[in-house]
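The residues making up each chain are set out below.
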Protein chains: 4
Amino acid sequence: MRAAFNFSHPLRVRWAECDAQGIVFNGNYFLYFDVAMGEWLRALGFEPATTIEFFTVRAEADYKAPAKFDDMLDVAARCARLGEKSMTLKFAVFRGEDLLTEGALTYVHADLSTRKSTPIPKEFIDRVLAFERTAPERKSAS
Amino acid sequence: MRAAFNFSHPLRVRWAECDAQGIVFNGNYFLYFDVAMGEWLRALGFEPATTIEFFTVRAEADYKAPAKFDDMLDVAARCARLGEKSMTLKFAVFRGEDLLTEGALTYVHADLSTRKSTPIPKEFIDRVLAFERTAPERKSAS
Amino acid sequence: MRAAFNFSHPLRVRWAECDAQGIVFNGNYFLYFDVAMGEWLRALGFEPATTIEFFTVRAEADYKAPAKFDDMLDVAARCARLGEKSMTLKFAVFRGEDLLTEGALTYVHADLSTRKSTPIPKEFIDRVLAFERTAPERKSAS
Amino acid sequence: MRAAFNFSHPLRVRWAECDAQGIVFNGNYFLYFDVAMGEWLRALGFEPATTIEFFTVRAEADYKAPAKFDDMLDVAARCARLGEKSMTLKFAVFRGEDLLTEGALTYVHADLSTRKSTPIPKEFIDRVLAFERTAPERKSAS
């Protein structure tokens, strides 16, 4: 499973991210996915602060085992689908060899002022295709 | 769509929940779902603080329109599936008549110390079935 | 102590706001103060979403007793100092009669684009003075 | 100022930590301080996950300049006061040479089950004194 990813970002679990059960609150994994998305952009050669022209339209996560305070995690990210105006990134959170959480975020490329979807720039597509070890599907969201 | 829900909880968007795009950060809707789950438990006659014997195993959300700072939202919740050891709640976030976000959380009932799944108590099932306007599916997660 | 405040806002502690000690994470009280500030603005007759022309320059809190998940809190707020370009709000978090946390936030009124401090508008000052039970100090920050 | 600190921890500003003004929400600096406290413990040779026997009793921050999304920060931490049962850590957040925020957290050493304050263990005191470049004050909180 890990072999499908060409990118991962290390992350240490913060105290405030854990809930009263002593484990990372389920919603905070989407924070981790978001951090990994930014670092994946950077790995592709983009500046996260100026490339955020994507709106999130779908989020999902499957929780397999909990992460605890101070755990050192590895958040893997890859583009699993690259459509004309949208894309889906898949994420996997590992602690050592253990897969703790899997998830996905689907983004629509959009003009930030009008919120209208616009085609993903060719340069972005080219860099993604050159970067990913596992080729993303090339279709639009159904 | 709203008619399917027998419960909703009002919520005002906080400043810190909005991101630099000026809209609620996608991961924070899972915070809203979690709040609504607790209030749904209370509406069923349970004390949220002593009924949290559920682990979240799956989360999903579809974002249709953004919520902004100070928006008054209504977070609807209902049990859509009630299995032997797990259940799925569906959520819908409204601003007035507008549906902003839909989502679902799947929980496994478990012994909090061993983390082993255990059957959902009969009293819980009875109250859910008596409460929900739309009858939940009665099957286990596939 | 409570008598000094002319305003308070009820708030229920969320699961995700508690940390692995089972109590509200210390930093989250500043979230509560921020919510109370917005509601205090509303009580004064302002729209929080269009009146946020204040930058926070100082924050402080004294923690006396912890709040736990699902606690119903009352966050009192009052303007304790009203200078020409800055003001200090004091906050007190109560659970029933128990004072859990006290704090303060100091804001500078500023042009949001240039971040230059500007005088607090007379209308704002008039409404604060008319609203507060305990008259704020009328001096600038030292 | 930076010279007073023997420890700092690098941190990148996350998207979700920024508010609708596009800058780090004031309360989130206490999250940064908390992270730095844990890493400072680690630098002293302690395991943060098993050394959290401190309750926060006071927090303060002075905001001088805002941090923005994706900024690379350095959060410096040092023990500024080491009493019999409590201590105060000072923090300073830098972006390059710029000091953005200063702050402090005061902790009481306590038995986590009874919440009664207990003397800070001698080993902890010894390590702090050996570690800090600037000797902490040796007095209890007034």
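Below or above, wherever it landed, is the structure these notes cover. Position labels on residues start from 1 in each chain and follow its written sequence. Written order decides the labels, with chains lettered from A and ligands numbered from 1. Note on the predicted model: pLDDT of at least 70 is required for a residue's local features to be given, and 80 or more for side-chain atom pairs to be given and counted; whole-chain, interface and lining totals, by contrast, use all residues.

1. A look at the overall build of chain A
Labels follow the DSSP assignment, with helices taken as runs of H or I lasting at least four residues and strands as runs of E lasting at least two, numbered in each case from the N terminus. Helix and strand counts for chain A come out as 2 helices and 5 strands. When the helices and strands of chain A are read in sequence order from the N terminus, they spell out β-α-β-β-β-β-α. Throughout, the radius of gyration refers to the C-alpha atoms, and the reference size of a globule is 2.2 Å times the residue count to the power 0.38. Whereas a compact globule of 142 residues would reach a radius of gyration of roughly 14 Å, chain A reaches 15 Å, a difference of no more than 12%. Referenced to the eigenvectors of the C-alpha coordinate spread, the extents of chain A come out at roughly 45 × 35 × 30 Å. Contact criterion: two residues are in contact if their C-beta atoms, reconstructed from the backbone, are within 7 Å. Once local pairs closer than 6 in sequence are excluded, the contacts in chain A between residues at least 24 apart make up 69%.

2. Comments concerning the interface of chain D and chain A
When the parts come together, some accessible area is lost, and that loss is often what is quoted as the size of the interface. With 11 residues of chain D in contact, the opposing surface of chain A contributes 11 residues. Within the residue set of the side of chain D that touches chain A, elements represented by two or more residues are α1 (28-43) and α2 (48-51) of chain D. Looking at the side of chain D that touches chain A element by element, the count peaks at 4 residues for α1(D).

3. Looking at the relation of the copies chain D and chain C
You can overlay chain D on chain C at an RMSD of 0.0 Å; the transform is a turn of 180° with a shift of 0.0 Å along its axis. The symmetry that links the two subunits is that of a two-fold axis. If distances are taken from each C-alpha of chain D to the rotation axis, the shortest is found for D:E60, at 2.0 Å. Interface residue correspondence from chain D to chain C reaches 93%, placing this contact among same-surface, isologous pairings. We place the copies in one frame by least squares, fitting the C-alpha atoms of every residue whose pLDDT is at least 70 in both.

4. Details of the sheet that holds strand β2 (residues 54-63) of chain D
For two strands to be treated as a pair, DSSP must find at least two bridges joining them. Reading across the sheet, the 10 strands line up as β1(C)-β3(C)-β4(C)-β5(C)-β2(C)-β2(D)-β5(D)-β4(D)-β3(D)-β1(D) and stay open at both edges, with antiparallel pairing between neighbours. What marks the edges here is a single partner per strand, and that holds for β1 (8-12) of chain C together with β1 (8-12) of chain D. Averaged over neighbouring strand pairs, the angle between their axes works out to 25° when direction is ignored. Bridge count between strand β2 (residues 54-63) of chain C and β2(D): 5 bridges; the pairing is antiparallel. Residue C:A61 lies in a different strand from β2(D), and its bridge partner there is D:A59. Helix-sheet contacts for α1(D) involve β1, β2, β3 (72-82), β4 (86-95) and β5 (98-109) of chain D, and the interaxial angle to β3(D) is about 70°. Working convention: axes come from line fits to C-alpha atoms, limited for helices to the stretch in contact. Angles between N-to-C directions cover 0 to 180 degrees.

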